[in-house]
Each structure stands twice: as structure tokens, then as C-alpha cells.
Amino acid sequence: MLETTLAVIGEQFGLTVVGDGQVRITGISALDEAGPEDLTFLFSAKYQSRLVDCKAGAVVVSPKFADALTGPGLIAEQPRLAWAKIAVIFDVSEAWPNIHPTAQIHETAELAEGVSIGPNTVVRAGAVLSAGVSLGSGVVVGENVGIGAGSQVHANVVLYHQVQIGRACIIHANAVIGADGFGFEFDPETGTLVKIPQVYGVTIGNNCELGAGTTIDRGALTDTEIGDGVKIDNQVQIGHGSKIGANTVISGATAIAGSTRIGRSCMIGGAVGIIDNLVIADRVEITAMSLVTQSITQSGRYSSGTGLMPSRQWKRNVVLFRKLDDLYKRLRKLET
Amino acid sequence: MLETTLAVIGEQFGLTVVGDGQVRITGISALDEAGPEDLTFLFSAKYQSRLVDCKAGAVVVSPKFADALTGPGLIAEQPRLAWAKIAVIFDVSEAWPNIHPTAQIHETAELAEGVSIGPNTVVRAGAVLSAGVSLGSGVVVGENVGIGAGSQVHANVVLYHQVQIGRACIIHANAVIGADGFGFEFDPETGTLVKIPQVYGVTIGNNCELGAGTTIDRGALTDTEIGDGVKIDNQVQIGHGSKIGANTVISGATAIAGSTRIGRSCMIGGAVGIIDNLVIADRVEITAMSLVTQSITQSGRYSSGTGLMPSRQWKRNVVLFRKLDDLYKRLRKLET
Amino acid sequence: MLETTLAVIGEQFGLTVVGDGQVRITGISALDEAGPEDLTFLFSAKYQSRLVDCKAGAVVVSPKFADALTGPGLIAEQPRLAWAKIAVIFDVSEAWPNIHPTAQIHETAELAEGVSIGPNTVVRAGAVLSAGVSLGSGVVVGENVGIGAGSQVHANVVLYHQVQIGRACIIHANAVIGADGFGFEFDPETGTLVKIPQVYGVTIGNNCELGAGTTIDRGALTDTEIGDGVKIDNQVQIGHGSKIGANTVISGATAIAGSTRIGRSCMIGGAVGIIDNLVIADRVEITAMSLVTQSITQSGRYSSGTGLMPSRQWKRNVVLFRKLDDLYKRLRKLET
């Protein structure tokens with residue numbers, strides 16, 4: 001367990017200390033749960049009243065709440081950004097210290113300096129692991145896969161052949177990158193669906209994070225592409241040949257079908273559905289569980305669905321939704 | 001294959017035998033599919049007519065259907081509960097008999113009596129496995145993970161560091177517990193999203209079941225907590241810092257965002273979406289594929305969405321849904 | 001990299017060559033991205049205008065677009081079907097060449113000729129692998145599992161005991177077949193949910209494809225059954241005891257609850273939800289993200305949900321959706 005003081009943290013991150021800088025800090029915690037050795041954070045005016053009962057050793061606040069501090073604190077222009085930076089010192093890494101003897105590494109794979117690999121991980125022919133790459137246990141790195149410097153791949157991730165991962169990426173456990181896209185064509189002669197081979201790969205940019213259980217399929221006629229800085233949560237599905245613009249954020253359980261192009265700096269989801277072959281502009285926000293069936297040309301915030309209501313009331317309204325056409329006709333008749 | 005008789009089952013579970021107790025029973029099966037050596041169950045009056053053609057060796061019925069039996073049977077106050085209990089004798093376990101020589105167990109890990117571990121499973125430093133814990137093959141148990149007595153963890157599950165699992169839990173294959181929560185903060189200086197380290201863990205209570213491919217993220221400022229007796233189906237996603245009350249049941253493909261508190265004995269899903277930072281009361285039922293965007297303070301049944309209809313009709317009504325505002329205005333005009 | 005010529009491809013697949021048959025072909029690509037050694041495809045009249053700027057070495061077109069060719073090409077009655085067939089020659093397999101020494105194969109498992117198995121894969125007692133079966137690394141084949149001739153199982157897939165897979169199937173990475181179905185019964189005596197043992201298995205037909213991260217649960221009173229030729233995309237969840245008819249196609253992130261019977265040649269999803277105990281007819285199409293809560297007896301195309309709209313407009317309409325009942329009453333009053 002790390003032990004430090006408020007003053008040390010303030011100095012390290014360039015934040016002004018208020019009150020006793022010698023207060024001992026051993027962790028961070030939520031406003032309601034923090035104890036006397038925890039640093040906590042005030043993110044919003046709506047939680048200001050909680051400062052009174054707060055038991056934290058110190059609180060990080062923005063300048064306008066400096067006067068509201070009832071004990072030691074740090075002043076940060078952006079408390080959430082300060083949180084992101086300070087939390088690093090309390091974080092734990094499980095990277096393996098070197099290359100585990102049970103790892104199966106093909107003789108043609110290239111491993112740069114400082115690569116660490118966990119037990120039972122398989123690195124296949126032609127794979128290239130750049131400096132400082134860290135692979136967990138049970139990972140599969142397919143043929144000719146490339147992984148950029150400093151990227152971390154957690155346990156049991158599967159990277160199919162030809163997948164290219166950029167620098168400083170994090171891929172969480174059990175993600176699958178580069179499985180076959182979903183494509184079939186009906187053959188009238190045999191009456192069956194013929195598989196369309198998915199002969200392209202997946203390209204992931206730099207500084208991306210991909211969540212646990214996320215799947216990104218390989219392309220059929222072009223690579224599937226994830227831009228730099230894209231953050232993808234758990235259990236997201238991205239279809240073959242789709243392109244995600246830089247710095248877009250995709251929340252959990254979202255499904256994006258094939259050949260759709262999403263712009264830069266979008267905020268998608270969670271649990272959003274986006275059908276295939278659409279084009280979505282930059283800076284588009286799609287609220288949770290919306291379905292996108294048409295291209296979006298204007299940045300902005302979009303939604304679909306009905307609000308939640310008691311099921312009895314909902315059942316009546318669902319019936320009436322089905323009759324909207326009738327309702328409109330009757331209204332029009334009254335108007336004339 | 002197990003062989004027994006109706007009389008033996010009746011005695012073991014305290015159920016009254018009707019007719020020939022010597023009928024041989026080698027399995028259980030559905031009412032429509034049962035053969036002469038199968039035990040089957042009548043769960044509801046609406047299936048009573050199927051008793052006539054039923055080929056089962058014997059049928060478990062509630063007392064009010066005792067007269068409807070056309071052959072041997074068992075009388076149970078609650079046939080579904082009797083089913084749950086009787087089926088145990090026909091169940092098969094694949095637990096490994098001991099600790100497989102290919103398992104990688106850190107010297108500081110503590111293993112109590114009767115722990116069994118499959119091939120290629122990795123148990124890292126400081127992990128504590130209580131009595132009778134059973135791990136499948138390819139499992140990863142991270143640093144300082146604790147697993148309570150009698151819990152079963154199936155193949156290729158990944159438990160990140162610090163995750164705590166209670167007693168008598170079942171975790172199905174490829175679930176991921178404790179991957180990083182999804183949190184980033186925009187840094188205007190660099191124009192990039194900065195990762196917020198997720199320094200807390202996940203705590204799972206006793207008697208929980210977690211489905212295949214389910215992901216439960218670790219917390220950033222507090223643990224993610226799953227209460228005792230919670231049952232979670234496959235491919236459920238639970239965000240960082242959420243708290244699920246005891247005995248709540250969450251069906252497949254549901255996604256719950258971070259920092260949401262769900263009460264006790266709720267029934268959620270499947271395929272429900274619940275956004276972040278909500279509070280849901282006890283005994284709330286959310287029907288399939290509903291989206292919850294506001295806290296729910298009253299127990300009861302809630303829904304959202306529209307009903308299914310032929311796509312042609314749906315398209316017209318979707319257009320009219322967009323015009324509801326206009327429709328209301330025109331109605332108001334007619335009324336005045 | 002494969003090198004061939006347009007003439008060779010034309011002859012191999014019985015397609016008429018237009019123009020210079022000696023053009024060198026080393027790959028296939030999308031119309032917009034193809035280079036001078038790529039073969040590309042014109043799938044639809046709406047992309048015809050792109051032929052002008054197309055840099056492909058040759059284009060596959062249907063007879064009615066033969067005149068639109070501006071360079072070498074192939075004439076195919078069905079360009080998409082030609083694509084599916086031609087792409088095979090550019091496809092790459094990662095099948096392991098033989099049985100890796102780290103694979104753990106139980107002495108009672110039966111392996112036919114030509115079986116290949118990757119590192120760290122586990123084949124348990126009584127499993128039967130037919131001729132030409134290919135298992136990736138980290139796969140778990142449970143007790144008494146059967147896999148038909150020529151089927152491929154990718155890395156880290158888990159097949160629980162008794163699962164039966166047909167011939168010529170493809171199962172992508174991290175899929176889980178045969179985990180316990182989700183069934184519990186409340187025991188009023190203890191106030192807890194009692195697990196219903198899931199004592200049946202899963203049966204997968206011939207020529208099926210199952211996507212990465214897909215989960216198909218084992219049955220409680222009957223097998224879960226996937227018919228011949230069924231194609232299932234990534235992250236699909238199929239509940240216990242459901243039956244999927246032959247040649248049905250299920251797109252990504254769809255969730256189907258237990259005991260539902262889906263007909264033959266249906267098109268489901270993606271991200272569709274289907275509740276339990278329904279019966280869906282043959283040749284039913286369900287559009288993306290629809291929720292099915294009632295049986296469907298007629299083939300046809302079905303949908304649910306509202307269209308996407310700007311969030312501000314959506315919020316107003318959601319409020320009005322809740323008041324549809326009131327709106328109808330007021331309309332009726334005006335009409336009388």
C-alpha cells in the first residue's frame with residue numbers, strides 16, 4: 001500500500017494545498033465512503049452538501065469551492081482531470097515480469113526489448129511485438145500480427161492473423177479482434193448460404209482501449225479500422241469493414257454492423273445499435289439504447305425509443321402506438 | 001447413466017407416490033418429449049391436456065392435478081421446486097479431480113483442502129482459494145483474489161487482481177470479473193482522453209451465479225458490489241462502482257452502466273439497458289429490452305419500447321411518432 | 001501472397017473474361033480502394049458511377065453492366081456469389097499443422113485422421129473428434145463432446161460436456177457452448193433461489209457458423225438445438241431449450257431467451273431481443289433491435305421501436321407517447 005502526504009501529491013501534480021499538508025494519504029475514495037487517510041474529490045456543485053459529513057483526509061475541489069472546504073484540500077482547475085492523474089499513483093499493474101517459460105513463441109516472431117508474456121500465451125509465426133509490449137496469460141497472437149510499443153493485452157484475448165494494434169493500447173480480457181466478419185451469399189443451385197471469406201484484417205490506432213469481451217471483426221474487402229484514441233467499453237461488437245474515427249468513445253454493449261463509417265469524437269451508447277453501410281458525422285452523440293438506421297450528417301445529440309413507464313400504462317400506449325395512423329386520419333377528418 | 005425408481009425418488013424428496021413405485025427412472029424430460037424411463041413435470045394447468053399423450057414413466061404434479069394423472073406420478077406442493085431438487089441427481093460435474101500438473105500456482109497463493117484446478121490455469125501471488133474451490137482449465141486468478149468455499153469457476157474465466165468471490169458461487173466460462181471500468185477525462189491541453197485508473201475491485205457475495213461471457217468491471221472510487229444470492233445470466237455487462245442488491249436476478253444481455261444502485265429481489269431483463277448513477281428500489285421488475293434512464297423509487301413492473309408489428313405498418317407509425325408534438329397541438333386547437 | 005491472372009480466375013470459376021485476361025491479380029478489394037492488381041466487384045446499380053474512377057485491375061459485373069466496364073472484367077450472373085467463391089483463393093487458414101505437444105488429450109478421447117490441435121487445448125474424457133477437425137489453442141472440449149468432420153473451433157472456445165457439433169462448422173474465438181441455462185426456483189422455506197440443474201446438452205447441426213463470444217446454453221428438460229446451415233454472428237445469446245430452424249441467420253448481439261422455437265430461413269437482427277417460450281414461423285425477418293414478445297405465425301418482416309431523432313425532439317415525443325391514452329380519449333370526445 002502506498003503511503004504519501006497531501007503536500008507531496010500537491011507538489012507532484014502542481015495543485016495548491018489548503019490546510020495541513022502533512023495529512024497522511026493512502027488511497028482515494030468516493031465522497032461518501034472516504035476515510036481519514038483517503039483523498040476524495042468534489043466533482044459537481046450538487047454534491048457540495050456532502051462535504052459536511054465527509055470523513056476524507058482531504059478533498060480535491062475546483063477554485064470556486066475552495067471556501068467550502070471544511071478541512072485539508074487541494075485546489076484543481078479540473079478536479080476530474082486531477083483525479084485521472086492522481087489515481088495513477090494508487091494503481092496496480094499485473095504485467096508479467098518477463099517471458100514465462102510456458103509461452104509458445106514461434107521462431108519467426110520478433111520480440112523487441114522489454115516485452116513481457118504470461119503463461120500459456122501463444123505468439124504465432126511472423127508476429128511483431130514492439131518494445132514494452134505486455135501480454136497476459138492465455139493470449140493468442142495470430143500470424144503476422146503487429147503490436148505497437150507499450151501496448152498491454154490482458155488474459156485470454158484472441159488476436160486473429162494480420163491484426164495490427166498501435167502504440168499504448170490496452171485490450172481487456174477475452175476480447176476477440178479479427179474473427180471473420182459475418183457475410184454469406186445465398187446460392188440458389190445448392191439452396192445454401194455460401195460463406196464469404198474475410199480476407200482483410202483489423203487495424204487499431206494508437207492510445208486505444210478495448211473492453212473485456214469486445215469483438216471487432218476482420219474485413220472482407222477492406223480492413224476494419226479503429227482510429228487513434230478510440231475508447232471502446234466491454235462487450236461492444238463492431239462489424240467487418242467499419243471505420244471508427246479518432247477519439248470516438250463507444251460505451252458497453254453497443255453493436256455496430258458492417259461497413260459503417262463513424263466520425264471523430266463521437267459519443268456512442270451504451271447498448272446502441274447502428275446498422276450497416278451508414279455514415280455518421282463527427283461529434284455525434286447517440287444516447288443509450290438508440291437504434292440508428294440512417295446516416296447522420298449533422299453533429300448533435302440523437303435518441304430513439306420510448307421512455308420507461310409502469311408496464312400497465314405501457315401496454316395501453318403500445319396498442320395506441322400501433323394505431324397512430326388511424327388516430328391521424330381521424331384528426332384530419334375532424335379538422336376538415 | 002443413473003438408474004433409480006419412482007419410489008426411491010419419492011422417498012428421497014418426501015413426495016407421495018401415486019401408482020407403481022417400481023417404474024424405472026433414468027432421466028427427466030419435457031412433457032412432450034419424455035420417454036417411458038423419464039420423469040416429467042406438470043408446471044401449469046395450461047399444459048394439463050398434454051398428459052393424455054404423455055409417454056413419460058411418471059409425472060410430478062401438484063395436489064390439485066393428482067386426479068388428472070393417467071399413470072404413475074409424484075405429488076409435490078410445488079412441482080417446479082421439486083424439479084430443481086430432483087434434477088440434481090441427474091446432473092454431471094466436470095470438476096477436475098485434483099490439481100493438474102500444468103497449472104501455474106504462485107508460491108504465495110494459499111490453497112485450502114479439496115481445491116481442484118484444471119490444466120493451464122494460473123493462480124497468481126497472494127490469491128486465496130478456500131476449501132473445495134474448483135477451477136476449470138485456462139482460468140486466470142489474479143493477484144490477491146479471494147474465492148470462498150465451494151465456489152466453481154469454469155474454463156477461461158478471468159478474475160483480475162483484488163476481486164473477491166463469496167462462497168458457493170458458480171462463474172461460467174469466459175466471464176471477466178474486474179477489468180477496468182470505463183472512465184476517461186478530456187484533457188484540453190493535449191486534446192486527448194486521459195484514462196482514469198480503476199483502483200478498486202469487485203466484491204461478489206455468496207451463492208451467486210454469473211453467466212458465460214458476463215463482464216463486471218472494477219471500480220474507480222469504490223468497489224463494484226454484487227450482493228448475496230444474485231443470479232446473473234450470460235453476456236451481462238455491469239459497469240464500475242455499481243451495487244446490485246441481494247437476490248436480484250438479471251437476465252441475459254442486460255447492460256448496467258456505472259455507479260447505479262439496484263435494490264434487492266429485483267428482476268431485470270433480458271437485454272435491458274440501465275444508465276449510470278441511478279437508484280432502483282427493491283422488488284422492481286424491468287421487462288425485456290427496456291431502457292431505464294431515471295431512478296425508480298417504487299417497487300413494481302416497468303417497461304419501455306413499442307410493440308412489434310409488420311415493418312410496413314411500423315414505418316408509418318414511426319413517422320407519426322416523430323409528429324406527436326404536431327398532433328397534440330392540432331388536437332388542442334380543435335378542442336378550443 | 002497469391003499471384004494469378006484474370007484469365008485463370010475466369011476459367012476456374014466459369015466466368016466470361018472481358019478485355020485483357022493477362023492482367024495480374026494478387027488480391028480482391030472494395031470498389032473505392034482497389035489497386036491495379038486487385039479484382040473488385042460491382043454489386044449494385046447504385047455504385048455504377050464509381051466505375052469511372054475505379055483503379056482496380058479488373059471488375060466482376062453482372063451481364064447487364066458488361067457495357068459499363070471501362071477495363072478488363074469478368075461477367076458473373078451473380079457477382080456476390082462469385083465474390084464468395086473467388087475470395088476463397090485469397091483466404092488464409094491458421095489451422096495448426098498437427099497435434100501440439102502441450103495439448104492435454106484424455107486417453108479415452110477418440111481422434112480421427114487429420115485432426116489438428118493447437119497449444120494448451122484440453123480434450124476431455126469420451127470426446128470424439130471426427131476426421132479433419134481443427135482446434136485452435138486454449139480450446140476446451142468437455143466430456144463426451146462430439147465434433148463432426150471438418151469442423152473448425154477457434155482459440156479459447158469452451159464446449160461444455162455433452163455438446164454435439166455437426167460437420168463443417170466454424171466456431172469463432174471465445175464462444176461458449178453448453179454453459180448452464182438460466183433457471184432458478186424460489187424456495188419459500190429458505191427464502192432463496194434454488195438452481196435448476198441443466199442436465200441436457202446442446203446440439204449444433206452441419207454447416208453452421210457461430211461468432212466470437214457467442215453463448216448457447218445447455219437445456220434443462222430438452223437439448224438446445226441449432227439446425228443445419230444456421231449462421232450466428234458475434235455475441236449472440238441463445239437460452240436453454242431453444243430450437244433454431246435450418247438456414248436461419250442471426251446477426252450480432254441478438255439475445256434469444258429460453259424455450260423459444262424459431263423457424264427455418266429466418267433473418268434475425270442484429271441486437272434483436274426475443275423472449276422465452278415463443279414460436280416464430282419460417283421465413284420471418286426481424287429488423288435490427290426489435291423486441292419480440294409474442295409468437296409470430298406468418299412469415300414476413302417485423303419491427304419495433306421508434307426512429308432516431310434529435311434528442312430534444314425525442315424528449316417531447318416520449319412525453320407525448322406516455323399520454324397517448326389521454327390523446328385518444330380527447331379525440332373520441334371531439335368525434336362525438
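Not measured: the values here are computed from a predicted model.

A. Examining the overall build of chain A more closely. Looking only at helices and strands, chain A has 4 helices and 39 strands in total. Against the globule reference of 20 Å for 336 residues, chain A gives a C-alpha radius of gyration of 25 Å, more extended than a compact globule. Out of the 336 residues in chain A, the part that is buried amounts to 60%. Residue pairs in contact within chain A that sit at least 24 positions apart in sequence constitute 17% of those at least 6 positions apart. When the accessible surface of chain A is totalled, it reaches about 12900 Å², and 49% of it is carbon and sulfur. The average position of the 26 basic charges and that of the 32 acidic charges among the side chains of chain A differ by 14 Å.

B. Summary view of the relation of the copies chain A and chain B. The transform that puts chain A on chain B rotates by 120 degrees and translates by 0.0 Å along the axis, for an RMSD of 0.0 Å. These values place the two chain copies in the arrangement generated by a three-fold rotation axis. When each C-alpha of chain A is compared by its distance to the rotation axis, G305(A) comes out closest, at 3.3 Å.

C. Local environment of the packing of helix α4 (residues 324–335) of chain A against helix α4 (residues 324–335) of chain B. Two elements in contact, α4(A) and α4(B), have axes separated by 11 Å at closest approach and are oriented at 35 degrees. Regarding α4(A) and α4(B), the two cross each other, and that crossing is left-handed. For the pair α4(A) and α4(B), the contacting residues are L324(A), L327(A), Y328(A), L331(A), R332(A), L334(A) and E335(A) in the first and L324(B), D326(B), L327(B), R330(B), L331(B) and L334(B) in the second. Each residue belonging to the contact of α4(A) with α4(B) can be placed in one class, and the counts come to 9 nonpolar, no polar and 4 charged.

D. Local environment of the sheet that holds strand β36 (residues 284–286) of chain C. The strand order β39(B)-β38(C)-β36(C)-β33(C)-β30(C)-β27(C)-β24(C)-β19(C)-β16(C)-β13(C)-β10(C) describes an open sheet built from 11 strands, whose pairing is mixed. The open sheet has two edge strands with one neighbour each: β39 (309–310) of chain B together with β10 (116–117) of chain C. Where β36(C) meets strand β38 (residues 300–303) of chain C, 3 bridges bridge the pair, whose relative direction is parallel. Note on β38(C): the bridge partner recorded for E285(C) is R301(C).

E. Up close: the packing of aromatic side chains. Applying the stated criterion to the full structure yields 15 aromatic pairs over all chains. An angle of 65 degrees between the planes, with centres 6.0 Å apart, marks the rings of F321(A) and F321(C) as edge-to-face. Of this pair, F321(A) sits in helix α3 (residues 311–322) while F321(C) is found in helix α3 (residues 311–322), placing the two residues in two different chains. F321(A) sits in the buried class, given a relative accessible area of 0%. Taken together, F41(A), F43(A) and W83(A) form an aromatic cluster joined through their ring pairs. Positioned above the aromatic ring of F43(C) is the side chain of R80(C), whose terminal nitrogen or guanidinium carbon lies 5.1 Å from the ring centre. Sitting over the face of the ring of W96(B), R124(C) holds its NZ or CZ atom 3.8 Å from the ring centroid.

F. Structural detail: the pattern of salt bridges. Using the criterion set out here, one finds 47 salt bridges over all chains in the structure. Note that R80(B) is salt-bridged to E185(C), the shortest N-O span being 2.8 Å. One end of the pair, R80(B), is in helix α2 (residues 79–86); the other, E185(C), is in strand β21 (residues 184–187), on a second chain. Relative accessible area serves as the criterion here: at 33%, R80(B) is assigned to the partly exposed category. Here the residues in one salt-bridge network are E33(A), E225(B), K243(B) and R261(B), joined through shared partners.

G. Representation of the side chain of N174(B) within the structure. The residue N174(B) is located in the loop between β19 (170–171) and β20 (176–177) in this model. Owing to a relative accessible area of 5%, N174(B) belongs among the buried residues under this scheme.

H. Seen up close, the interface of chain C and chain A. Taken together, the contact between chain C and chain A spans 67 residues of the former and 77 residues of the latter. Carbon and sulfur atoms make up 60% of the area that chain C and chain A hide from each other, which totals about 6200 Å². Linking chain C with chain A are 7 salt bridges. The partner of E33(C) in a salt bridge is K243(A), with the nearest N and O atoms 3.9 Å apart. Taken together, the connections running from chain C to chain A amount to 39 residue pairs in polar contact (both at pLDDT 80 or more). Mapped onto the side of chain C that touches chain A, the elements with two or more residues apiece are α2 (79–86), β27 (231–232), β30 (249–250), β39 (309–310), α3 and α4 (324–335) of chain C. Sorting elements by how many residues they give to the side of chain C that touches chain A places α4(C) first, with 8 residues.

I. Representation of the domain arrangement of chain A within the structure. For chain A, the domain assignment lists domain 1 (4–90), domain 2 (157–302) and domain 3 (312–336). Each of domain 2 of chain A and domain 3 of chain A has a C-alpha centre, and the two are 38 Å apart.

J. Seen up close, the side chain of S303(C). In this fold, S303(C) is placed in strand β38. For S303(C), a relative accessible area of 0% corresponds to the buried category. Among the polar contacts listed, one links the side chain of S303(C) to the side chain of S311(B), at a separation of 2.7 Å. Every residue in contact with S303(C), bar those within four places of it in the chain, is listed here: G307(B), L308(B), M309(B), S311(B), W314(B), T287(C) and S290(C).

K. View of a nonpolar patch on the surface. All names here are of chain A. Taken together, the side chains of I99, I105 and L111 present a nonpolar region at the surface, about 200 Å² in accessible area. If you trace the backbone, I99 turns up in the loop between α2 (79–86) and β8 (104–105). Take I99: its relative accessible area is 37%, and that puts it in the partly exposed class.

L. Summary view of the sheet that holds strand β4 (residues 27–28) of chain A. Residue and element names in this part refer to chain A. One open sheet accounts for 5 strands, arranged β2-β7-β6-β5-β4; its pairing is mixed. At either margin of the open sheet sits one strand with a lone partner, and together these are β2 (16–18) and β4. Pairing analysis gives 2 bridges linking β4 to strand β5 (residues 38–41), with the strands arranged parallel. Bridge pairing in β5 links G27 to D38.

M. Seen up close, the interface of chain A and chain B. Counting residues at the interface gives 67 residues for chain A and 78 residues for chain B. Of the roughly 6100 Å² buried where chain A meets chain B, counting both sides, 60% is carbon and sulfur surface. The tally of links from chain A across to chain B stands at 7 salt bridges. Here R330(B) and E335(A) are joined by a salt bridge, their closest N and O atoms 2.8 Å apart. Here chain A is connected to chain B by 38 residue pairs in polar contact (both at pLDDT 80 or more). Listing elements by their share of the side of chain A that touches chain B, those giving two or more residues are α2, β27 (231–232), β30 (249–250), β39 (309–310), α3 and α4 of chain A. Ranked by residues supplied to the side of chain A that touches chain B, first place goes to α4(A) with 8 residues.

N. Looking closely at unusual backbone geometry. Looking along the chain, the bond that leaves G269(B) and enters G270(B) is cis, with omega of 10 degrees. A positive phi angle is found at A271(A), which is not glycine, with a value near 60 degrees. Assignment of secondary structure puts A271(A) in the loop between β33 (267–268) and β34 (273–274). The backbone of N207(B) shows a phi angle near 60 degrees, a positive value even though the residue is not glycine. Within the secondary structure layout, N207(B) lies in the loop between β23 (202–204) and β24 (209–210). With relative accessibility at 41%, the residue N207(B) sits in the partly exposed group.

Basis of the calculations
- The numbers attached to residues start from 1 for each chain and follow its sequence in the written order.
- Written order determines the labels here, with chains lettered from A and ligands numbered from 1.
- Per-residue local features are limited, in this predicted model, to residues with pLDDT of at least 70; the limit for side-chain atom pairs, both in listing and counting, is 80 or more; totals at the level of whole chains, interfaces and linings are taken over all residues.
- Here the side-chain values reflect all heavy atoms present in the structure, with hydrogen atoms and water set aside.
- Strands here are runs of E lasting at least two residues and helices are runs of H or I lasting at least four, both read from the DSSP assignment and numbered beginning at the N terminus.
- Just to be clear, the radius of gyration here is over C-alpha atoms, and the globule rule we use is 2.2 Å times residues to the power 0.38.
- Think of it in three bands: residues with accessible area under 20% of the maximum for their type are buried, residues over 50% are exposed, and the middle band is partly exposed, with areas taken using a 1.4 Å probe on protein chains only.
- A contact between two residues is defined here by any heavy atoms of the two lying within 4.5 Å.
- Residue burial considers only the protein chains on display, and all accessible areas are found by Shrake-Rupley using a 1.4 Å probe.
- Think of it this way: Lys and Arg go in the positive column, Asp and Glu in the negative one, and His and the chain ends go nowhere.
- A charged residue contributes its charge at one atom only: NZ of Lys, CZ of Arg, CG of Asp or CD of Glu.
- Overlaid copies result from least-squares superposition on C-alpha atoms, with residues included only where pLDDT is at least 70 in both.
- In this analysis, axes come from line fits to C-alpha atoms, helices being fitted only over the stretch in contact, and the angle between any two N-to-C directions falls in the range 0 to 180 degrees.
- Note: crossing handedness is left-handed where the near helix turns anticlockwise from the far helix by less than a right angle, and right-handed where it turns clockwise.
- Three residue categories are used. Nonpolar comprises Ala, Val, Leu, Ile, Met, Phe, Trp, Tyr, Cys and Pro, charged comprises Asp, Glu, Lys and Arg, and polar comprises the others, including Gly.
- DSSP calls a pair of strands paired once it identifies at least 2 bridges connecting them.
- Pairing of aromatic rings covers Phe, Tyr and Trp, the last through its six-membered ring, and needs centres within 6.5 Å; plane angles under 30 degrees mean stacked, over 60 mean edge-to-face, and all others mean tilted.
- Charge over a ring is defined by NZ of Lys or CZ of Arg lying within 6 Å of the ring centre and within 35 degrees of the ring normal.
- Take a side-chain nitrogen of Lys or Arg and a carboxyl oxygen of Asp or Glu: if they are within 4 Å of each other, that pair is a salt bridge.
- Joining two parts hides part of their accessible area as seen by a 1.4 Å probe, and the buried area is that hidden amount summed over both.
- The term polar contact refers here to a pair of N or O atoms within 3.5 Å; inside protein, the definition further demands a hydrogen-donor-capable atom paired with an acceptor-capable atom, and it admits residues adjacent in sequence only when both atoms are side-chain atoms.
- Residue ranges assigned to the domains are those given by an automatic or database domain assignment.
- Surface patches are defined over residues having more than 30% relative accessible area and no salt bridge, joining like charges when they lie within 9 Å and nonpolar side chains (Val, Leu, Ile, Met, Phe, Trp, Tyr) when within 5 Å.

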